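Per-entry structural report
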Amino acid sequence: PIGVRWVFKVKRGPNNEPLRWKARLVVKGFQQKYGLDYEDTFAPVAKFKTIKLLLSLVAHFELELHQLDYKNAFLNATLNETVYVNLPEGFESSHPNECVHTYVDPKYKNKKECWKLKKALYGLKQSPHEWNLEVDSAMLKIGYTRLITDSCIYIKTSKKLDESYPTLPISTRSVNNSNYFANH
């Protein structure tokens, strides 16, 4: 099993007073082994030239631009590989239940309680890839077509000749991990 750790964060207000306490369980992805824990990690990112062109079209045709942000995006991606993680610190299993598995280490033959992941977690090397597959499947299902020149851009043309150009940057390197939609 792969190790996990808790990441704690305090959201603070304008006067530095605590507003919310957040906890996120993160997988220690550096412990993953290629071929055993994951196969593919590639996730496309919208080209900056395409984003600039999209914003130029929005300005030129006086379109509305809407921004969406997926909260906890990776947590919505279904895993295609079998991944086991150690139980997090503070979690004690006094009785077996359906979510706790016993993993037998093939090298040392020792048994260890762990979780089998169904969905991606932050820190997994394949999380961006799995999330991209989810988004791509959803966009194609609702009638959008992926551009050949930029696989992060989807177009859907209506019978009224109105067009919308959603772009789906996956990486924080392009437009702060946000999604943009332009409509007439």
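Check the entry above for the structure.
Anyway, here's the lowdown on the structure attached to this text. Position numbers for residues count from 1 along each chain, tracking the sequence in the order it is written. Reporting of local features is limited, given that this is a predicted model, to residues whose pLDDT is at least 70; pairs of side-chain atoms are given and counted only at 80 or more, and all residues count toward the totals for whole chains, interfaces and linings. Side-chain measures here rest on the full set of heavy atoms in the structure, leaving out hydrogens and waters.

Our next topic: the overall build of the chain. The way it works is that DSSP assigns letters per residue, a run of H or I at least four long becomes a helix, a run of E at least two long becomes a strand, and they are numbered from the N terminus. A tally of helices and strands in the chain yields two helices and ten strands. Each helix and strand of the chain, placed in order from N terminus to C terminus, yields the pattern β-β-α-β-β-β-β-α-β-β-β-β. Residues counted as buried form 35% of the 184 residues belonging to the chain. For the chain, the share of sequence-separated contacts (at least 6 apart) that also reach a separation of at least 24 residues comes to 59%. Per-residue and other accessible areas follow the Shrake-Rupley method at a 1.4 Å probe size, with only the shown protein chains counted as cover for residues. For the chain, the computed accessible surface area is about 12700 Å², with 53% contributed by carbon and sulfur atoms. Throughout this description, buried means an accessible area under 20% of the type-specific maximum (1.4 Å probe, protein chains only), exposed means over 50%, and partly exposed covers the range between. Here, two residues are considered to be in contact whenever any of their heavy atoms come within 4.5 Å of each other.

Working definition: an aromatic ring pair is given by the centre-to-centre distance plus the angle between the planes. Two rings from Phe, Tyr or Trp (for Trp, the six-membered ring) form a pair when their centres sit within 6.5 Å of each other. Planes less than 30 degrees apart are called stacked, planes more than 60 degrees apart edge-to-face, and all others tilted. Throughout the structure, instances matching the rule amount to one aromatic pair. The lysine or arginine in question, Arg24, covers the ring of Tyr122, its NZ or CZ lying 4.1 Å from the ring centre. Here, a charge over a ring is recorded when the distance from Lys NZ or Arg CZ to the ring centre is within 6 Å and its angle to the ring normal is within 35 degrees.

What follows deals with the side chain of Asn86. As for its position among the elements, Asn86 is in strand E4 (residues 84–86). You can call Asn86 buried: its relative accessible area is 17%. Contact partners of Asn86, with chain neighbours within four places excluded, come to Pro1, Ile2, Gly3, Val4, Lys112 and Cys114.

The pairing of strand E1 (residues 4–12) with strand E2 (residues 18–27) spans nine bridges and is antiparallel. In the sheet register, Trp6 faces E2, and the bridge partner there is Leu25. Here E1 hands over to E2 after five residues, with Asn16 in that stretch at a positive phi of 65°. The rule for pairing is simple: two strands pair if DSSP sees at least two bridges between them.

Before going further, it helps to examine the nonpolar core. We define a nonpolar core as any set of buried Ala, Val, Leu, Ile, Met, Phe, Trp, Tyr and Cys residues linked to one another through side-chain atoms lying within 4.5 Å. With 22 residues, the main nonpolar core has Val27, Val83, Val85, Leu117 and Leu124 as its most contacted residues. Mapped onto this core, the elements with two or more residues apiece are E2 and helix H2 (127–141). For this core, the element with the highest residue contribution is H2, accounting for three residues. Non-local contacts of Val85, meaning those with residues more than four positions away in its chain, are made with Pro1, Ile2, Val4, Val27, Cys114, Trp115 and Leu117.

Looking at the secondary structure, you find Leu124 in the loop between strand E6 (111–116) and H2. Spatially, the C-alpha atom of Leu124 lies 9.4 Å from that of Phe74, the residues being 50 residues apart in sequence. Once residues lying within four places of it in the same chain are set aside, the contact partners of Leu124 are Ile2, Val27, Gln32, Leu79, Val83 and Leu117.

A word on helix H1 (residues 48–60). Expected helix span is computed as 1.5 Å times (number of residues minus one). With 13 residues, H1 extends 18 Å between its outermost C-alpha atoms, agreeing within 8% with the 18 Å of an ideal straight helix rising 1.5 Å per residue. Buried residues of H1: Thr50, Ile51, Leu54 and Val58, and no others. In an axial view of H1, the angular spread of the buried residues amounts to 100°, which keeps them on one side of the axis. The exposed residues of H1 that point more than 90 degrees off its buried face are Phe48, Lys49, Leu53, Ala59 and His60. Backbone geometry just downstream of H1 places Glu62 in the positive-phi region, at approximately 50°. As used here, the arc is the angular range of directions from the helix axis to the C-beta atoms.

Moving on, we get to the environment of Gln32. In this structure, Gln32 sits in the loop between E2 and H1. Taking the C-alpha atoms as reference, Gln32 lies 10.0 Å from Gly123; in sequence the two are 91 residues apart. In this structure, Gln32 is in contact with Ile2, Asp37, Tyr38, Gly123, Leu124, Lys125 and Gln126, ignoring residues within four places of it in sequence.

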